[in-house]
Amino acid sequence: MKATIPATRLEKIEQLEALRNKMIQAANALGLQHPMVLNYSRKIDETHNKIMEMQQKDN
C-alpha cells in the first residue's frame, strides 16, 4: 500500500521545485557565486529541511 503525500508537504515540494528553477535561471544569468543564487540555495536547503521534518513526523 502506497502512502499519499499530505497537502502541506506537497506544497513544500512544489515550492522547492520553484526555488530550484529560479536558482538555475539566476545562476545562468549571474554566475554561481552571485548573492541572489546563494540566497536561493539557502532557501532551498531550508525548504528541504522542512520537508524532511514533515516526512519524519508522518512516519
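In short, a report on the structure. (Residues numbered from 1 in each chain as written. Predicted model: local features only at pLDDT ≥ 70, side-chain atom pairs only at ≥ 80, totals over all residues. Heavy atoms only, no water.)

## Here we look at the overall build of the protein
The number of helices and strands found in the protein is two helices and zero strands. Here the C-alpha atoms of the protein give a radius of gyration of 14 Å, more than 25% beyond the 10 Å that 2.2 N^0.38 yields for 59 residues. Expressed as lengths along the three principal axes of its C-alpha atoms, the size of the protein is roughly 45 × 15 × 15 Å. Counting the 59 residues in the protein, one finds 17% classified as buried. For the protein, long-range pairs separated by at least 24 residues make up 59% of all intrachain contacts whose partners lie at least 6 apart in sequence. For the protein, the accessible area works out to roughly 4,800 Å², and carbon and sulfur atoms hold 55% of it. (Helix = DSSP H or I, 4+ residues; strand = E, 2+ residues; numbered from the N terminus. Rg over C-alpha atoms; globule rule 2.2 N^0.38 Å. Buried < 20%, exposed > 50% of the residue type's maximum accessible area, 1.4 Å probe, protein only. Contact = heavy atoms within 4.5 Å. Areas by Shrake-Rupley, 256 points an atom, 1.4 Å probe, with all protein chains shown as cover.)

## Section: the pattern of salt bridges
In this structure the tally under the stated criterion is three salt bridges. With a shortest N-O distance of 3.5 Å, D58 and R9 are connected by a salt bridge. Placement of the pair is D58 in helix α2 (residues 35–58) and R9 in helix α1 (residues 7–30), with a sequence separation of 49 residues. The class for D58 is partly exposed, based on a relative accessible area of 44%. Judged by its relative accessible area of 12%, R9 falls in the buried class. In this structure, the salt-bridge partner of R42 is E46, at a minimum N-O distance of 2.7 Å. Separated by four residues within a single helix, R42 and E46 lie in helix α2, roughly one turn from each other. (Salt bridge = Lys/Arg side-chain N within 4 Å of Asp/Glu carboxyl O.)

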